[in-house]
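Descriptive structure summary
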Amino acid sequence: MVTIVVRYFASARAAVGFDEEKVTLPDGARVADAVAHLRELHPEKLAKLLDAVSYLLDGVAVRDLTRPLTDAAELDVLPPFAGG
């Protein structure tokens, strides 16, 4: 099993109501597995938002959701940001 810390920012934090949570997944889990698990944990508000967010895994942008997770990894959930 791997346990990761999921950190929520901005509207993702507002959707779940807290800054972070620990999530335990099977060995060999990937970012996509963590996202699917988060959809199940928070089906009402966060599930829709997860379609538009970006992720950081241990501070590095995730472009490939098949990246494997390691124990104690940090997965940041970052909603879209507008800028100018």
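Each value, and the rule that gives it
- Residues numbered from 1 in each chain as written.
- Predicted model: local features only at pLDDT ≥ 70, side-chain atom pairs only at ≥ 80, totals over all residues.
- Heavy atoms only, no water.
- Helix = DSSP H or I, 4+ residues; strand = E, 2+ residues; numbered from the N terminus.
- Buried < 20%, exposed > 50% of the residue type's maximum accessible area, 1.4 Å probe, protein only.
- Core = buried A, V, L, I, M, F, W, Y, C linked by side-chain atoms within 4.5 Å.
- Contact = heavy atoms within 4.5 Å.
- Arc of directions from axis to C-beta.
- Salt bridge = Lys/Arg side-chain N within 4 Å of Asp/Glu carboxyl O.

The backbone of Ala-10 sits at a positive phi, close to 50 degrees, despite the residue not being glycine. Its place among the elements puts Ala-10 in helix α1 (residues 10-16). The phi dihedral of Asp-58 is positive, around 55 degrees, even though this residue is not glycine. Among the structural elements, Asp-58 can be located in the loop between β3 (54-57) and β4 (60-61). The exposure class assigned to Asp-58 is partly exposed, which follows from its relative accessible area of 45%.

Before going further, it helps to spend a moment on the nonpolar core. The biggest cluster of nonpolar side chains holds 24 residues, and the ones touching the most others in it are Ile-4 and Val-77. At the level of secondary structure, the elements contributing two or more residues to this core comprise β1 (2-8), α1, β2 (20-25), α2 (31-41), α3 (46-49), β3 and β5 (74-78). With near-sequence residues (within four places) excluded, Val-77 lies in contact with Val-6, Arg-7, Tyr-8, Phe-9, Ala-12, Leu-38, Leu-50, Val-53, Ser-54 and Tyr-55.

The set of residues buried in α2 consists of Val-31, Ala-34, Val-35 and Leu-38. Buried residues of α2, viewed axially, fall in a sector of 100 degrees; they line one side. For α2, the elements touching its buried residues are β1, β2, α3, β3 and β5.

Below, the discussion takes up the environment of Arg-63. With respect to the element layout, Arg-63 can be found in the loop between β4 and β5. Judged by its relative accessible area of 76%, Arg-63 is exposed. A C-alpha to C-alpha distance of 26 Å links Arg-63 and Gly-17, two positions 46 residues apart in sequence.

In the structure shown here, the tally under the stated rule is four salt bridges. Of the charged contacts, one joins Glu-74 and Arg-7 as a salt bridge, the two residues approaching to 4.0 Å between their closest N and O atoms. Here Glu-74 is found in strand β5, whereas its partner Arg-7 is found in strand β1, with 67 residues between them in sequence. Among the residues examined, Arg-7 registers a relative accessible area of 26% and is labelled partly exposed. The partner of Asp-51 in a salt bridge is Arg-39, with the nearest N and O atoms 2.8 Å apart.

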